[in-house]
Each structure stands twice: as C-alpha cells, then as structure tokens.
Amino acid sequence: MPSFNVHKEGKSAFHRPQTLTYRNGYALPRRPTVGIGQTPLLSEQLIQQEISELSIETPDITYCSSSHNKTSDFIPAHVAFDKKVLRFYGYFQEDVLYSAEERYRVRPVIIYYYLEDDSMCINEPPVENSGLSQGKLIKRQRLPKNERGEHYHWKDLNLGMDLEVYGVNYHVTQCDAHTQEFMESEGIVLNEPESIPVDPYITHRNKPQPSFITPSNFDELHQFLTMDRKVLRFFALWDNADTLYGETRPVTIQYYLVDDTVEIREVHAPNSGRDAFPILMRRQRLPKRMREASDPFPRCVLEVSSQEVDEYYSPKDFQVGETVKLLGRRFLLYDCDGFTKAYFQKNYPDVEIKPKEGPKKEVPPYNGFGSLEDSLQNCLSLVPEPPKKNMIKMLENDQKVLRYVATLDSQNPQDEGRRFILSYFLSDDMISIFEKPTRNSGIIGGKFLEKTRIPKPGSTVENPEFYSPADFAVGATIEVFSHRFVLTDADHYVLKYLESVSDQIPCKTLDSLRQRLGIHQDKGTAEQKPAGHRTSRTRMKYQGCVKNDLVQYPSALEPFTVTHEKKKKKKTSHLISEKCII
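Residues numbered from 1 in each chain as written. Predicted model: local features only at pLDDT ≥ 70, side-chain atom pairs only at ≥ 80, totals over all residues. Heavy atoms only, no water.

The protein chain appears in an unreviewed UniProt entry as EF-hand domain (C-terminal) containing 1 from Myripristis murdjan. According to its UniProt record, the protein chain has this under Subcellular location (unreviewed entry): "Cytoplasm, Cytoskeleton, Cilium axoneme". (UniProt positions renumbered as here; feature names shortened; annotations may be inferred.)

Below you can see the structure in the form of structure tokens.
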C-alpha cells in the first residue's frame, strides 16, 4: 500500500569493495579496507582506543637514558652525505698485442665513490707524453655489480679486492685517510694496503741499450723531456732598407729549446695592407759556421746536411741589443720576454741584456690646422676620436678666468692705441683675445682670437711648450701667431689666484702685478687714498691709462680747436669755435 514500508531486519548490502584504482593512467591494485557488504575486516578490528593506549603506554622500568628513546629527525642522504667522497687507488692491466718490447701495461687509476647517490667514477691520472688517451675512463654513474641488476655499494669495497666493471678488472690497492676513517666507523675492517706493480716497459726503457758507437755526451732524450714547450722569444727589427721599397719591419724570433730550431714571424698591424703570411722563415736549425771542405763542393740540393755544418746557432748567440745575421738578413734584437730573461740569468749570467726602444710609429709633421692633439688623432685611427681631457682639472677650475690688458706692439702706426683683453681659462689652459672697440679708430673691435692654446716661440712640434700664468707678468711681451702683445694691466683676481699658487709662479711675475695694482707684499692692502678720492677700480684704471698717455704724448696738453656744425630749421648754418684744454 502507499506510504507503507516493511523494514526487513538483517543484512541487505552484499556488494564487494573496489580493489582496483587508476593512477597516472595506469591500473594499480589496492588493498581493501572493508569486507563484503561494508563489514569490517578482522585485521581492521583493532579499535582506536586500543591504538591510543599502545601509543601512550610507557614501560615501567628503563635500562638506559631517556635520550636514546628520542627519535632523531630524518635527514635525506643528499644532505647528510653532500660532498663526501670515498677515494680508492688501484690499477688494471692492459694487454698489448703485436709488440716485441711489451706484453701488457700497468695503468694506475683512481676510483671515486659518491655517498650521496652511491655513484662511482674511475679516472686515470694523465702522464705527459705517454701517447695514451688518459683522463676520465668511466663517467659518474651507478656501476652494475652483476647480471641481476644490483649495483656496487660502499659496503662491497675493500682493499686487495678486484672490481670488475664492464669487462675490465680493476684491482684496489689503497685508499686515503678520510676513506679509511669512514669505513672503520661503519664497522668494516680494511685489508692491508698494497703497492702498484711497476710497468715492465718502463723498467725496460731505464736499462741502457747496447751500442757499438761511442755515445755522445749530449742526451737528446733528456733535452726533450726537460725542454719541451719552452721557447725563447726575441723582439727584433728586420732591416730591409737596402732593397727596393725596403723598410724596417718588426718581427719575433722564436728559439725552441727542445730541438735548437729557430722560427721567424712577422708582426702585422691591422690595416697594414700586407698579406697575412706571418711566417718569414719556417722552423729549422740555422747553421752558423760551415765546414771548409764542403764549401767548394757543388751542391745539388738546397738542404744542408749535418755533415756540412760545423756549428749551429745556440741561445748564447742571440744577445739583446746586438745585431744578428740570419740567412743573409740583419735583425736587431731590441727586447725579449720575461721567460727569456730568466733563462739567460740562470744559464748565461755573463751575458748582459741591454733592451733598446722598440719601433715607434712615425707621425707626419704638423700642418698647422687645428690643435696638436686633434691632428694627432687623425694619425692614430681612421675614425678620429676626441682627445682625452683632464676632467678633474676642468671641474675644479670651471669658470675661472684670468684677465689681462694688453696693447699691440707693431711697427704700423695705425695699431697705436688699440687695447685688448687677454683671457686665460684655467680649466683647459686656453687663451682668447678680445679687442675693445675705439671710436673713430677705423678698426672694428670684437673677437680677435678664438679660444686656443698658444705655443711659446721656439717650441717644436715634438716638445711643444705653451704659455701659462707664470709667463704673464706686467710688461712682458707675448707672441701670439706672429703678433706681439705687451701686458699692461691685470685685475685683482689674477693676483689673488697667483698668490694662492705662489710656489708655481716666479717672484718676478708676482712683484710686477703687486707694483701695478699698488699692493704691498708686507701689508697686503692697497695704498691709502685721500678723503673724497675716487677709489673705484674702473676710475683708477682710467686715470692710470690717461696718466700714461699724457706722459707718452706731452703734445696733448697743447690747446686745440673743436668745431661743431649746427643746423637750424629755415636758417643758415654757422660755425662755433671754442677752445678746450684737456
């Protein structure tokens, strides 16, 4: 009937639990936690109360300290064993086929075991001039122990054992102190260390070989082993001026001590226009003196045999500062490198090394356009760069100018009475000249000379000397590009600045400025003027100039007539004469 349900007592769910799951796309089995119909398993019937009681329950009697019962924090292996490596020494024997002198070689190796990831690598120490490919034999990896997929562990390593890796049998002989300490701390007893056997081929080479010829006192093998890759390098100049279009070229002479050979290389500069063939003479032994008996005999080959040479060039024949002739060419040795100097001081202490100045780049003569620094930049590079300036000096002396009054010393009578202002800029040591305009003089005033550095008379382009504040004394004559200027006055700032650097200024210059400005050296103040006298600097300078002009031109005191022409509207003009005395 509707809304009438009969509740059946008993078990109603009989489905089995899910025992399969998917993870990352793969089907994996899962252990069931409940039985059929969600009934608990017997293994899961341990109630939570019993689990909590077991976890809280502590024993009544303890036989050790409580510190041993505390569980330590988990530290992963890559942190606990970081940069901890076990090092073992060993060797392996390599069979040599088809050789009458040796049947096997003994090659020592070093075995590294990395504790952080149980990886191993095997290296062979390189031996110079061995002719074998040495170094890293097996890169870092986990080495297989057997065919079952097991790998070598540090517990498997010990002294005196054989380590078979990829078909090669490595015999472990020794280990370092850190490895021995670690193995003993882990309870592993190491065997007695062994020594690496001697290679029979090395023993065979050390035995003297039977010879039926009187042996030479010179040991070529010893020279090869001790002098290999040791080269004496000399810097020289090849004098080729005797030939057509010849010149002096820089070269390097290299003397190889391993076989007493000489090589000559040219030094090419960029954009020199020459072919890039640096070898001027190939590496060879150079004969110094030939045998007399071999000179008249006709030669059919270009090579010279050792039987025809009495003496070859040796290191003592190359002396720095001297000229040496090699294959008919003259070379001036002007310097050498540091290794060559140390070699001569040790083996030839009686040979004196006298370095000379190397080749200098020829600079064309100055043509007069621009400054010397700007013209020089065009000779140093294809795209000239502005010359470097003293930035500290420019910042310290910015807007500091020394001003002088000058007159033009000329034979032309039209130049009399012309006044100039000479400005010296302390920031860049440049000078500019400005002409004061004068009425009815017929000469336009204004800028007479742009800012530039003025050289002294007699200075050369190689050693230029420029004017400085020490040369500007009152009454001195300054020659500026064939114009002579006489300094007549200066402002007070000039004297103040020159007194601050009095150790660099001559006393004659300072005395002339003090005398002109009316300042005594002992008092340091201007002369006392009567009351009501005009003390303005401009008026003092004006009065001084007028006074000097009157002394030089006494005829100016004579009276003269000044005529003014006045015009009135609708009236005739008339002349008015008046006498004036200055």
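Further notes follow.
J.: Sorry, what's going on with the packing of aromatic side chains here?
T.: The geometry of two aromatic rings is summed up by the distance between their centres and the angle between their planes. The full count for this structure, using the stated rule, is 17 aromatic pairs. Ring centres of Phe-234 and Phe-344 lie 6.1 Å apart, and the angle between their planes is 80 degrees; on these two criteria the pair is classed as edge-to-face. With a gap of 110 residues between them, Phe-234 in strand S9 (residues 231-239) and Phe-344 in helix H6 (residues 338-347) connect regions that are remote in the sequence. The exposure classification of Phe-234 matches that of Phe-344, with both residues buried. Residues Tyr-467 and Phe-472 carry aromatic rings whose centres are separated by 6.0 Å and whose planes lie at 25 degrees to one another, so their mutual orientation is stacked. In terms of burial, Tyr-467 and Phe-472 fall into one category: buried. Stacked on the ring of Tyr-256, the Lys or Arg Arg-283 has its end atom at 3.8 Å from the ring centre. Cation over ring: Arg-285 sits above Tyr-312, and NZ or CZ is 3.9 Å from the ring centre. (Phe/Tyr/Trp six-rings, centres within 6.5 Å; stacked < 30°, edge-to-face > 60°. Helix = DSSP H or I, 4+ residues; strand = E, 2+ residues; numbered from the N terminus. Buried < 20%, exposed > 50% of the residue type's maximum accessible area, 1.4 Å probe, protein only. Lys NZ or Arg CZ within 6 Å of the ring centre and 35° of its normal.)

J.: Help me understand the packing of helix H9 (residues 492-500) against helix H10 (residues 507-517) in this model?
T.: Running from N to C, H9 and H10 point in directions that differ by 145 degrees, and their axes come no closer than 10 Å. Both H9 and H10 take part in a crossing whose hand is left-handed. On H10, the residues that touch His-492, Val-494, Leu-495, Leu-498 and Glu-499 of H9 are Thr-509, Leu-510, Leu-513, Arg-514 and Leu-517. (Axes fitted to C-alpha atoms, helices over the stretch in contact; angles between N-to-C directions. Left-handed = near helix turned anticlockwise from the far one by under 90°. Contact = heavy atoms within 4.5 Å.)

J.: Would you mind showing me how to read the confidence of the model for the protein chain here?
T.: Parts of the model with low pLDDT should not have their predicted coordinates read in detail. Counting all residues, the mean pLDDT for the protein chain is 79, and 78% of those residues have values of 70 or more. Taken as a whole, residues 523-582 scores under 50 in pLDDT and shows 47 contacts with residues more than four places along the chain or in a different chain. (pLDDT = per-residue confidence, 0-100.)

J.: Would you mind going over the pairing of S9 with me for this structure?
T.: Successive residues of a regular strand alternate their side chains across the two faces of the sheet. Where S9 lies against strand S10 (residues 248-256), 9 bridges are found, and the strand directions are antiparallel. Across the sheet, the residue bridging to Val-231 is Tyr-256, located in S10. (Pairing = 2+ DSSP bridges.)

J.: So what exactly am I meant to see when it comes to the nonpolar core here?
T.: One recurring pattern in soluble globular proteins is that nonpolar side chains are buried together. Core analysis: the largest hydrophobic core is formed by 30 residues, its most contacted members being Tyr-404, Ile-431, Ile-433, Phe-472 and Leu-498. Those elements that place two or more of their residues in this core are strand S17 (401-408), strand S18 (419-425), strand S19 (430-435), strand S21 (477-480), strand S22 (483-490), H9 and H10. For Tyr-404, the contacting residues outside a window of four places in its chain are Phe-420, Ile-421, Leu-422, Pro-469, Phe-472, Leu-487, Asp-489, Ala-490, Val-494 and Leu-498. If you look at the next biggest cluster of nonpolar residues, it comprises 25 residues, including Leu-143, Met-161, Cys-175 and Ile-188. (Core = buried A, V, L, I, M, F, W, Y, C linked by side-chain atoms within 4.5 Å.)

J.: Explain the sheet that holds S10 to me, please; I cannot follow it from the model alone.
T.: Two pairing modes exist for strands in a sheet, parallel and antiparallel, and in both the strands are linked by backbone hydrogen bonds. Strand order in the open sheet formed by 6 strands is S12-S11-S10-S9-S16-S15, with antiparallel pairing between adjacent strands. One side of each edge strand has no neighbouring strand; the edge strands of this open sheet are strand S12 (279-284) and strand S15 (323-326). Between one strand axis and the next, the sheet turns by 35 degrees as a mean value, whatever way the strands run. As defined by bridge partners, S10 adjoins strand S11 (residues 261-266) across 6 bridges and the pair is classed as antiparallel. What sits directly across from Tyr-255, in S11, is Val-262. Across the sheet, H6 is in contact with S9 and strand S16 (329-336); its angle to S9 comes to roughly 110 degrees.

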